[in-house]
Amino acid sequence: KFFKWLWRATYLSAIGGLIYVGYGIFEMRHPPDQVDPDPSKKTLVILGTGWGSVSLLKKLDTENYNVVVISPRNYFLFTPLLPSCTTGTIEHRSIMEPVRNFLRHKKAAVKFYEAEATKIDYEKKVVYINDESEIKGDVTSTEVPFDMLVVGVGAENATFGIPGVREHALFLKEVNDAQAIRKRIMDCCETATFKNQDPEEIKRLLHMVVVGGGPTGVEFAGELQDFFNNDLKKWIPDITDNFHVTLVEALPNVLPMFSKQLIDYTEKTFKEETITIRTKTMVKNVTDKYIEAESAGPDGKKQLEKIPYGLLVWATGNAVRPVVKDLMSQIPAQKDSRRGLAVNEYLVVKGTENIWAVGDCAVANYAPTAQVASQEGAFLARLFNQMAKTEALESRLKELSEAQETAPNKQARDEVFTNIKELQRQLRRVKQIGPFEYSHQGSLAYIGSEKAVADISWLTGNFATGGTLTYFFWRSAYLSMCFSTRNRILVIMDWVKAKLFGRDVSRE
Ligand code: FAD
Ligand code: NAI
């Protein structure tokens, strides 16, 4: 009898789940009618469609403002799964969500311009924008005035001015970076098997070097070694003896933001996977075929060595974007800030009243992560929704105060007085929004061979774990964080596809 009930319960929950997913898909495909933007309302311009800006847009009540979004990218990118796109474990479109889709579901319409903000004029309250896409119309640049501005343009890749990096290395920040890496891996493998290739040249072509032992470098190195172990050496056995991944890091260890136990676990796992980690090795120069790196020799003396490579992936963190640097130069209060726009506890850019910053371009004493950016975006949405409510209540209060003065008799005056008291109570409640407080949920990273590391924050403290179980946790956590049901289904399908058929080794 118990099993009969269990079966029924499972059956019913499966049907419930299907109805839920089905309704989600139906709702996504059938957006309701939208109210037009109201130009008499304050113009709120949001720059960027990354973690910070999109999380703000998701929760923002767009009826309160005349909202304009500007970004050179007309989609949101789920960056935590980007390293998996470099080897084809996940197809890049599975982690992209068109901004048009979710903007179309907002109550009041939002204007979207696919363009890059080239300059923010703080005094004039204007953003200058440029169409940087391939197809250009007669108008390619213009200006957008704002009453309120949110800067969520993220960061660019740090190169520290090291010669040759921009010319020869590949980065891993955007979709086209992942595509370029995928293509280069296959190109190196195919070129290495070209007829009469010299053995030294084969070695060089199959040497995959990753610079930067932060989470981006570690996750990419892990994914690449998986690709080799599970697919490449099966389909191109000729490369087996020479394919090699090296991770170069200037500091004494990789993953500095993780606990010591997980750093050791990662280094041990890499050793088992035959990934070489070169710590205390600082890259100083990059040419088209080798990097020059400085490290301490056996006698402790610094030595410069040449490391040949076929693929070079550069993952050494973030640098400030030019448009942000330019804005900082216009605001005296920003003169001591180096890593981005210094903001106060309400994310207002210091030295301004009507500009806010979120994510990697803001300096608020938190690490530049998606977790921080999305919490900041959600905070700003709450703040802006409250500000709009406050303004509406204050203007109603003003009307009532005037009405009280002109009330014909005591009864009418008392009635207005009661309404004023109620509005004042509401106003006090609405104004109660506290400053932004970041709640750290933990750090997660994939390290290859179906293992992950996690530093998770519990109520009572921190909990560090690594291994295959953590890998399943990593997968379910990222799946639940995907932007939409569509993304979730596509990612699951990609994982199943890679497991069943292996990754695709064709070079596009
Ligand atoms: P972004 O998400 O970078 O978005 C910036 C937006 O601004 C983009 O839409 C861009 O097109 C737009 N833009 C750029 N220039 C302009 C301009 N001039 N005008 C207008 N718009 C502009 N963090 C985690 O917490 N967990 C992870 O697992 C994780 N994994 C990562 C993996 C990789 C490979 C990378 C690169 C990063 C990862 N991060 C992770 C970090 C995380 O992606 C960033 O911290 C996060 O994207 C920052 O959000 P953001 O909104 O500030 O910027
Ligand atoms: P990072 O800043 O975390 O790490 C860069 C590393 O490169 C540093 O360890 C630095 O010492 C090293 N480096 C710098 N110059 C070098 C040189 N010339 N030679 C050798 N090594 C050099 O950068 P990363 O990994 O790109 O991450 C950027 C941000 O995104 C971080 O805040 C990170 O936490 C976040 N992120 C989080 C992920 C996760 O939680 N799973 C995944 C990817 C990124």
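Coordinates for the structure precede this section.
Because the structure is predicted, anything quoted here is derived from the model rather than measured. In this numbering scheme, every chain counts its residues from 1 along its sequence in written order. All chains are assigned letters beginning at A, and all ligands numbers beginning at 1, according to the order in which they are written. Where totals are concerned, whole chains, interfaces and linings use all residues; where local detail is concerned, this predicted model gives features only for residues with pLDDT of at least 70, and gives and counts side-chain atom pairs only at 80 or more. Side-chain numbers come from the whole structure's heavy atoms, not from hydrogens or water.

Caption draft 1: Molecular detail of the overall build of the chain. Counting its secondary structure elements, the chain contains 14 helices and 24 strands. Principal axes of the C-alpha set define a box for the chain whose edges measure 100 × 75 × 55 Å. Under the scheme applied here, a residue whose accessible area is under 20% of the maximum for its type counts as buried, over 50% as exposed, and between as partly exposed, the area being computed with a 1.4 Å probe on protein chains only. Out of the 508 residues belonging to the chain, those deemed buried represent 47%. By element, 54% of the accessible surface of the chain is carried by carbon and sulfur atoms, the whole surface being about 27000 Å². One finds the centroid of the 64 positive side-chain charges in the chain at a distance of 5 Å from the centroid of its 63 negative side-chain charges. A run of H or I in DSSP counts as a helix once it spans at least four residues, and a run of E counts as a strand once it spans at least two, with each numbered from the N terminus. Accessible surface area values rest on a Shrake-Rupley calculation with a 1.4 Å probe, where residue burial reflects the displayed protein chains alone. Counting rule for charge: Lys and Arg are taken as positive, Asp and Glu as negative, and neither His nor the chain ends is counted. Where a charge lies is defined by one atom per residue type, namely NZ (Lys), CZ (Arg), CG (Asp) and CD (Glu).

Caption draft 2: Layout of the sheet that holds strand β5 (residues 111-114). Pairing is parallel across the open sheet formed by five strands, whose spatial order is β5-β2-β1-β9-β20. In this open sheet, the two strands that pair with only one neighbour each are β5 and β20 (355-357). Within the sheet, the average angular offset between the axes of one strand and its neighbour, ignoring direction, is 15 degrees. In this structure, strand β2 (residues 66-71) lies alongside β5, joined through four bridges in parallel fashion. The residue bridging V68 from the neighbouring strand is K111, located in β5. At least two DSSP bridges between two strands are needed for those strands to be called paired. Lines fitted to the C-alpha atoms define the axes, with helices restricted to the stretch that makes contact. Angles between their N-to-C directions range from 0 to 180 degrees.

Caption draft 3: Examining the packing of aromatic side chains more closely. Centres within 6.5 Å make a pair out of two Phe, Tyr or Trp rings, where for Trp the six-membered ring is used; the pair is then stacked when the planes are under 30 degrees apart, edge-to-face when over 60, and tilted otherwise. Enumeration over the complete set of coordinates arrives at 19 aromatic pairs. Ring geometry for F76 and F483: centres 5.4 Å apart, planes at 45 degrees, overall tilted. Pair noted here: F76 is in strand β3 (residues 75-77) and F483 is in the loop between α13 (468-481) and α14 (485-501), with a separation of 407 residues, a long-range link. Here the two residues F76 and F483 agree in accessibility, since each one is buried. The criterion for a charge sitting over a ring is simple: Lys NZ or Arg CZ within 6 Å of the ring centre, and within 35 degrees of the ring normal. Cation over ring: R8 sits above W5, and NZ or CZ is 5.4 Å from the ring centre.

Caption draft 4: Highlighting the pairing of strand β22 (residues 442-448). With seven of its seven residues buried, β22 lies for the most part within the structure. Taking the residues between adjacent antiparallel strands as the criterion, β22 and strand β23 (residues 451-457) are bridged by two residues, where S449 takes a positive phi near 45 degrees.

Caption draft 5: Focus on the site of ligand 2. With respect to spatial proximity, 24 residues lie near ligand 2, and among them T216, E249, A250, V283 and L444 are the closest. Interatomic distance of 3.4 Å between a side-chain N/O atom of E219 and a nitrogen atom of ligand 2. Any N or O atom pair separated by 3.5 Å or less is treated as a polar contact, with the protein-specific requirement of one donor-capable and one acceptor-capable atom, and with residues adjacent in sequence counted only for side-chain atom pairs. Taking G317, its main chain carries an N or O atom lying 3.4 Å from an oxygen atom of ligand 2. Relative to its free-state accessible area of 840 Å², ligand 2 is covered by the protein chains to the extent of 79%. Any residue outside Ala, Val, Leu, Ile, Met, Phe, Trp, Tyr, Cys, Pro, Asp, Glu, Lys and Arg is labelled polar, Gly included; the first ten of those are nonpolar and the last four are charged. Its residues assigned to classes, the shell around ligand 2 comprises 14 nonpolar, eight polar and two charged. Proximity is defined per residue: if any heavy atom of the residue lies within 4 Å of a molecule or strand, that residue is considered near it.

Caption draft 6: Molecular detail of the site of ligand 1. Neighbouring residues of ligand 1: 30 residues in total, closest G52, T79, A117, D360 and Y478. Between ligand 1 and R73 there is a distance of 3.4 Å, counted from an oxygen atom to a side-chain nitrogen or oxygen. Within the side chain of R321, an N or O atom sits 3.5 Å from a nitrogen atom of ligand 1. If ligand 1 stood free it would expose 1000 Å²; the protein chains cover 90% of that surface. Of all elements in the fold, only α2 (51-59), β2, β6 (116-121) and α11 (370-405) reach the threshold of two or more residues within the shell around ligand 1. Top element by residues in the shell around ligand 1 is α11. It accounts for three residues.

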